[in-house]
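Listed here are the chains, written in short residue letters.
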Amino acid sequence: MEKLEVRIRNHDREIEKMCNFHHQGFVDAITELLKVRADAEKLMGQVTDTNRRLQDAGREVTAQTEEVIRCRIQQRNMTTTVERLQLCIPVLEMYSKLKEQLESKRHYAALKTMEQLEKVFIPRVSRYRFCQIMADNLPKLREDIKDISMSDLKDFLESIRKHSDKIGETAMKQAEYRYKTGKTLHNGLAAAEEEGVLTAQDLVDFSPVYRCLHIYTVLGDRETFENYYRKQRRKQARLVLQPQSNMQETVEGYRRYFNQIVGFFLVEDHVLHSTQGLLTRAFTDELWNMALSKITAVLRTHSSYCSDPDLVLELKNLIVIFADTLQGYGYPVNRLFDLLYEIRDQYNETLLKKWALVFREIFELDNYSPIPVETEEDYKSVISRFPFHDAEIEKQDFPKKLPMSQSVPQIYVQVKEFIYASLKFSESLHRSWTEIDDMLRKSTNLLLTRTLSGCLQNLIKKPHIGLTELVQIIINTTHLEQACKYLEDFITNITNISPETVHTTRLYGLSTFKDARHAAEGEIYTKLNQKIDEFIQLADYDWGMPESDGQASGYLMDLINFLRSTFQVFTHLPGKVAQTACMSACKHLSTSLMQMLLDCELKQISMGAVQQFNLDVIQCELFASSEPVPGFQGDTLQLAFIDLRQLLDLFMVWDWSTYLADYGQPTSKYLRVNPSTALALLEKMKDTSKKNNIFSQFRKNDRDKQKLIETVVKQLRSLVNGMSQHS
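Residues numbered from 1 in each chain as written. Predicted model: local features only at pLDDT ≥ 70, side-chain atom pairs only at ≥ 80, totals over all residues. Heavy atoms only, no water.

> Would you explain the domain arrangement of the chain in this entry?
Many descriptions give the size of an interface as the accessible area lost when the pieces come together. Assigned domains within the chain: domain 1 (1-127), domain 2 (145-183 + 197-331), domain 3 (350-369 + 405-521) and domain 4 (539-725). Relative to domain 4, the C-alpha centre of domain 1 lies at a distance of 172 Å. (Domains from an automatic or database assignment.)

Listed below in structure tokens is the structure:
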């Protein structure tokens, strides 16, 4: 503390020294300052005045400076705005372009614009709100485009459904043109274009398909589009393949059906070749195979209802053009030609039915008389239609008659017409002439052996066909049979295939005429027998008459006259037919007379009736010996009556002792008299009424003879019993 006190005193002394040293200067300074005070106040006034004047002058400058600053800021803002707008304007222009493209329905271009907006333009100005709105709107626009393009596709699908018929009609016409002119597909299309024929592309705008395909491809959804398109086309295919219920009634029904199908598959072919992968060959092949199955089933069913051969032929031509049209576009059509072979059989069936009516009418209108030819022209007219050659008839003077009736050349001409009609179907079936020849011969055989044969058989059985007509039918069939070889030549000339070729079907229609001739012959025998029966029904014997009239019965003379005139007509028949007919008639007459004599309803016969019956049999024998038909050997025809003759002789001569003695001997005079027959007749002549019979005479002369008769009856009965036991 002391040291501190010392220190403080030292400092105080120094301060005092210092103050003392400067004190005068300080006083001088204060004095000086007081002098300056007045000048300072004066200066302050001047400065204040100057400041006021300066403030007044600077106020205007400040205002102008502030204006300059504001303009500078505005200018900077404008420059920034221009820069920003230069970035935004391309985006807005692109969006405007997008709107225009959408309005003008240029959807594919719109999608490209959207892609540019998203990838290039919007990222540059993405911080602006309007860009965000744009970006958010683009997916919706894409969906709109998808919806619109799909709507366009649906309109397109509806359009091609409506236009398929026209497209198909056009293509079928082109194919028909090629078929008729022999041109290729390329030349045919060129010719069609020259003629102004519309093609599928002319009739249908395919751009909706392309646009929709592009759009879905761009949007990465191509598979959805492909699946939708194929599904819809499958549905349309099923609709197209559905036939109308009455389609078989007119060829136009079939034509519309084919047009629609051709149109459908031409569209598919065009889409297949004009798009990359929308359709595949496998898909179109699958559709076509499905269609082929349906088409063949439909045609098989509907054609079976068709009974008009002309309509079947038109259908065949349509199927050929239909097949050729689609084959030209690469679709396989073998199954259609296989179907045509089936339809050919159906066609032949309709032809056979049609010709059955033709033949029937020819037979109905025939007069069954030899054809009269008055002049050389008449003769040439007949032989130009039918191959007839006969040297004897050619030598005869006009007028003359040809042996066949008018139906023969008519039938021959109609068979040739049938061959032509059958040939029409075989044309353009892509078959060799050997196969066509085979088809023609087989169908002609059917015509002869089934249709014509049936008509002939029916004709022969008709009630109004008499013996004269039957004779003419036999003559006709003979000439038709001879003409068969000319039909062979006729087919050969058409096909140029020799009938001698191996595997060639021969015409076996000869059997038709042989069978018809045999049937006619059989019918002649039947009708002859029926006529004989009619005459015999007129017989009116008085079986109890005491003695005969001395002349043959009227009914029998009428019958013999009928037979005589009938056999004169038979002179044109082949010899054996006439002889068989004559023999058959005589045997039937003999059998009928025998049955009349032995009829169980007839209880009693007088000797006079037997004598009358004998006169009638004698007339039959005279007729048989008069050679009503030439060619019989000796007394062959008379032998038809031998059973009757021996029986009547036995009773007329009353030669029982000889009969019984020689019975069973080959040399017996009464070899043909059966004991049961003799017994039956003898029973009818026994004395049951005690008058008007042979036994009454015996009683008058010799009653012992009655016992002899009883003995004969017993012996005959024993013979009959012995025969039955032996048998």
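> I keep staring at a negative patch on the surface and nothing clicks. Help me out?
On the surface, Glu 374, Glu 376, Glu 377 and Asp 378 cluster together to form a negatively charged patch. Accessibility expressed as a relative area gives 31% for Asp 378, which makes it partly exposed. (Patch = residues over 30% accessible without salt bridge, like charges linked within 9 Å, V, L, I, M, F, W, Y side chains within 5 Å. Areas by Shrake-Rupley, 256 points an atom, 1.4 Å probe, with all protein chains shown as cover. Salt bridge = Lys/Arg side-chain N within 4 Å of Asp/Glu carboxyl O. Lys, Arg positive; Asp, Glu negative; His and termini not counted. Charge placed at Lys NZ, Arg CZ, Asp CG, Glu CD. Buried < 20%, exposed > 50% of the residue type's maximum accessible area, 1.4 Å probe, protein only.)

> Any chance you could explain the packing of helix H7 (residues 222-240) against helix H9 (residues 281-304) here in plain terms?
To characterise two packed helices, one gives the angle between the axes of the helices and the distance between these axes. Where H7 contacts H9, the axes come no closer than 11 Å and their chain directions differ by 20°. Taken as axis vectors, H7 and H9 run roughly parallel relative to one another. Like other packed secondary-structure pairs, H7 and H9 cross with a definite hand, here right-handed. The residues of H9 that touch H7, namely those facing Arg 230, Arg 234, Ala 237 and Arg 238, are Phe 283, Glu 286, Leu 287 and Met 290. (Axes fitted to C-alpha atoms, helices over the stretch in contact; angles between N-to-C directions. Helix = DSSP H or I, 4+ residues; strand = E, 2+ residues; numbered from the N terminus. Parallel < 35°, antiparallel > 145°, perpendicular 65-115°, else oblique. Left-handed = near helix turned anticlockwise from the far one by under 90°. Contact = heavy atoms within 4.5 Å.)

> Looking at this model, I keep getting lost on helix H14 (residues 407-426). Mind explaining?
Each turn of an α-helix holds 3.6 residues, which means side chains three or four residues apart point in the same direction. If you check H14, its first and last C-alpha atoms are 29 Å apart, about what 20 residues at 1.5 Å a residue would give, namely 28 Å. At the exit of H14 stands Ser 428, carrying a positive phi of roughly 65°. (Expected span 1.5 Å × (residues − 1).)

> Which parts of the structure should I look at to understand the side chain of Thr 566?
Secondary-structure assignment places Thr 566 in helix H18 (residues 554-569). At 2.8 Å, the side chain of Thr 566 forms a polar contact with the backbone oxygen of Phe 562. Once you skip the residues sitting within four places of it in the chain, Thr 566 turns out to touch Leu 467 and Leu 528. (Polar contact = N/O pair within 3.5 Å; in protein donor to acceptor, adjacent residues only side chain to side chain.)

> Any chance you could explain the packing of helix H11 (residues 334-365) against helix H15 (residues 433-461) here in plain terms?
At a minimum axis distance of 9 Å, the contact between H11 and H15 shows a crossing angle of 35°. By crossing handedness, the relation of H11 to H15 is classed as right-handed. Residues Arg 344, Asn 348, Glu 349, Leu 352, Trp 355, Ala 356, Phe 359, Arg 360 and Phe 363 of H11 form the contact with H15, whose participating residues are Met 439, Ser 443, Leu 446, Leu 447, Arg 450, Thr 451, Leu 452, Cys 455, Leu 456 and Leu 459. Among the residues forming the contact of H11 with H15, the class breakdown is twelve nonpolar, three polar and four charged. (Nonpolar A, V, L, I, M, F, W, Y, C, P; charged D, E, K, R; others polar.)

> So what exactly am I meant to see when it comes to H15 here?
Relative to the 42 Å expected for 29 residues at 1.5 Å per residue, H15 spans 40 Å between its end C-alpha atoms, a close match to the ideal helical length. Ser 453 marks where H15 bends most, by close to 35°. (Bend = angle between axes of the 7 residues up to and from the residue.)

> In this structure, what is going on with the packing of aromatic side chains? I would like to understand it.
Each aromatic ring pair is specified by the distance between its two centres and by the angle formed by the two planes. Within this structure, the stated rule accounts for 24 aromatic pairs. Relative to Phe 425, the ring of Tyr 347 lies with its centre 5.0 Å away and its plane at 25°, an arrangement referred to as stacked. Of this pair, Tyr 347 sits in helix H11 while Phe 425 sits in helix H14; the two residues are 78 residues apart in sequence, bridging distant segments of the chain. Centroid distance Tyr 541 to Trp 543: 4.9 Å. Interplanar angle 40°. Geometry classified as tilted. Pairwise contacts between aromatic rings join Phe 651, Trp 654, Trp 656, Tyr 659, Tyr 663 and Tyr 670 into one cluster. Here the guanidinium or amino end of Arg 230 rests over the ring plane of Phe 283, the centre of that ring lying 5.5 Å away. (Phe/Tyr/Trp six-rings, centres within 6.5 Å; stacked < 30°, edge-to-face > 60°. Lys NZ or Arg CZ within 6 Å of the ring centre and 35° of its normal.)

> What am I meant to see in the confidence of the model for the chain here?
Close inspection of predicted coordinates is inappropriate in any region flagged by low pLDDT. Residues with a pLDDT of 70 or more make up 91% of the chain, whose mean pLDDT is 84. The secondary-structure element of the chain with the lowest mean pLDDT is helix H4 (residues 185-194), recorded at 47, while helix H20 (residues 607-625) shows the highest, at 94. Contacts for the low-pLDDT stretch residues 688-693, under 50 throughout, to residues beyond four places or in other chains number eight contacts. (pLDDT = per-residue confidence, 0-100.)

> Just checking my understanding: could you explain the environment of Val 415 for this structure?
Within the fold, Val 415 resides in helix H14. Take Val 415: its relative accessible area is 2%, and that puts it in the buried class. Separated by 363 residues in sequence, Val 415 and Arg 52 have C-alpha atoms that sit 146 Å apart. The contact partners of Val 415, leaving out residues within four places of it in the chain, are Phe 359, Thr 444, Leu 447, Leu 448 and Leu 487.

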